[in-house]
Amino acid sequence: MSLLRQVLPLPVPFAAETLDVRGRVVVITGAGTGIGRALAEKLYATGASLALIDIDQAAAAAVGRSMGERAVVVRADVSDRIGMREAMSRVRARFGRIDVVVANAGVVPQPATIRTMNPGDFDRVIGINVTGVFNTVHPALDDIIAAKGHVVVVSSAAAFAPGMGGSPYMVSKAAVEQFGRALRVELAAVGATAGVAYFGIVDTAMTHGTLDEDELGADLGALLPWPLNRRITVRDAAESLANGIEHRAPRTIAPPQWEPYALFRGVINVVLDNQLARDPRVHALIHRVEQRIAESRPISPVPR
């Protein structure tokens, strides 16, 4: 019997159970703006109690003021491990439990090639997007297991798309995907669940700054063919996340046009990487990215 036939029939007793967030405590990072805020508003309206965690105290507080006593605002930097542990302690002190965690906080770097990027920029993206997910999830796992709750880690379609000019982001989202997959299997052994959320292009301030207001970012975005260049709203993204939480989905992807790419990426990427490596438009764009970096920060010669 093949390994696949051995694995597929395994019973998963909680798979058919849904998760009603009414009366549940949900922790959301990056809750002050964008997808996090839209999700918070949706879940609060559904009856959940919320811990709104964000490094931007003012933004999170504005969201909290629009709600009521079932929401608490906690300022924390997800890259700060001790700070996130303390943040989870504050949530427990306020609500007595944690049922759902959504690790949503993330950043993007300025366009740069691997050769020309500032190593500190790479570290910052990994520190927030990858280590920050661990720092968010790890101190809440005992609560999640006790509640037979659910964890969502927000990856991206960038996890399986080429990353030229913005590799730290793609690297980080691929890492988050693997983290979420491992977490799902581990939590299944103790009756809790986890899922990975993938988004294409979501119409957020981060997207505008990266793909609209920055000329090079816009040109990078223009390389995406239809329908992969289709944008969704933060409400669409929040709806996808909320539906995934309700159904304890192991994965959600929005917009759905990315689904074929996700399923067949092993084949697609072999062909796509070869095409991009040969595409003169990509070559020209890479040269422009490096030129801009050189003009703003001359590259030091490498010692020999």
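Residues numbered from 1 in each chain as written. Predicted model: local features only at pLDDT ≥ 70, side-chain atom pairs only at ≥ 80, totals over all residues. Heavy atoms only, no water.

1. Describing the overall build of the chain
No. 1: Secondary structure assignment for the chain yields 13 helices and nine strands.
No. 2: Split into buried and exposed, the 304 residues of the chain put 48% on the buried side.
No. 3: Once local pairs closer than 6 in sequence are excluded, the contacts in the chain between residues at least 24 apart make up 71%. (Helix = DSSP H or I, 4+ residues; strand = E, 2+ residues; numbered from the N terminus. Buried < 20%, exposed > 50% of the residue type's maximum accessible area, 1.4 Å probe, protein only. Contact = heavy atoms within 4.5 Å.)

2. With respect to the packing of helix 5 (residues 119-137) against helix 7 (residues 167-188)
For any two helices packed against each other, the geometry comes down to the angle between their axes and how far apart the axes lie.
No. 1: The N-to-C vectors of helix 5 and helix 7 enclose an angle of 15°; their axes lie 9 Å apart at closest approach. Judged by the angle between their axes, helix 5 and helix 7 are roughly parallel. Every pair of crossing elements has a handedness; the one defined by helix 5 and helix 7 is right-handed. On helix 7, the residues that touch F122, V125, I126, N129, V130, V133, F134 and V137 of helix 5 are P168, Y169, V171, S172, K173, A175, V176, F179 and L183. (Axes fitted to C-alpha atoms, helices over the stretch in contact; angles between N-to-C directions. Parallel < 35°, antiparallel > 145°, perpendicular 65-115°, else oblique. Left-handed = near helix turned anticlockwise from the far one by under 90°.)

3. Some words on empty space enclosed by the protein
No. 1: By the definition in use, this model includes two cavities of 30 Å³ or more.
No. 2: Counted as a void, the largest cavity has a volume near 50 Å³.
No. 3: Together, H150, V152, G195, V196, A197, S240, L241, G244, I245, A249, R251 and T252 line the largest cavity.
No. 4: No other element matches the four residues that helix 10 (residues 234-246) contributes to the lining of the largest cavity.
No. 5: The residue inventory of the lining of the largest cavity, partitioned by class, reads six nonpolar, five polar and one charged.
No. 6: Computed from the structure, the second largest cavity encloses a volume of approximately 40 Å³.
No. 7: For the second largest cavity, the full set of lining residues is P109, Q110, P111, A112, M117, D121, G165, G166 and P168.
No. 8: Considered class by class, the residues forming the lining of the second largest cavity number five nonpolar, three polar and one charged. (1 Å grid on protein atoms, 1.4 Å probe; cavity = no way out; pocket = protein on both sides within 12 Å on 5 of 7 lines; lining within 4 Å. Points joined across faces, edges and corners; volume = space filled by probe spheres on them. Nonpolar A, V, L, I, M, F, W, Y, C, P; charged D, E, K, R; others polar.)

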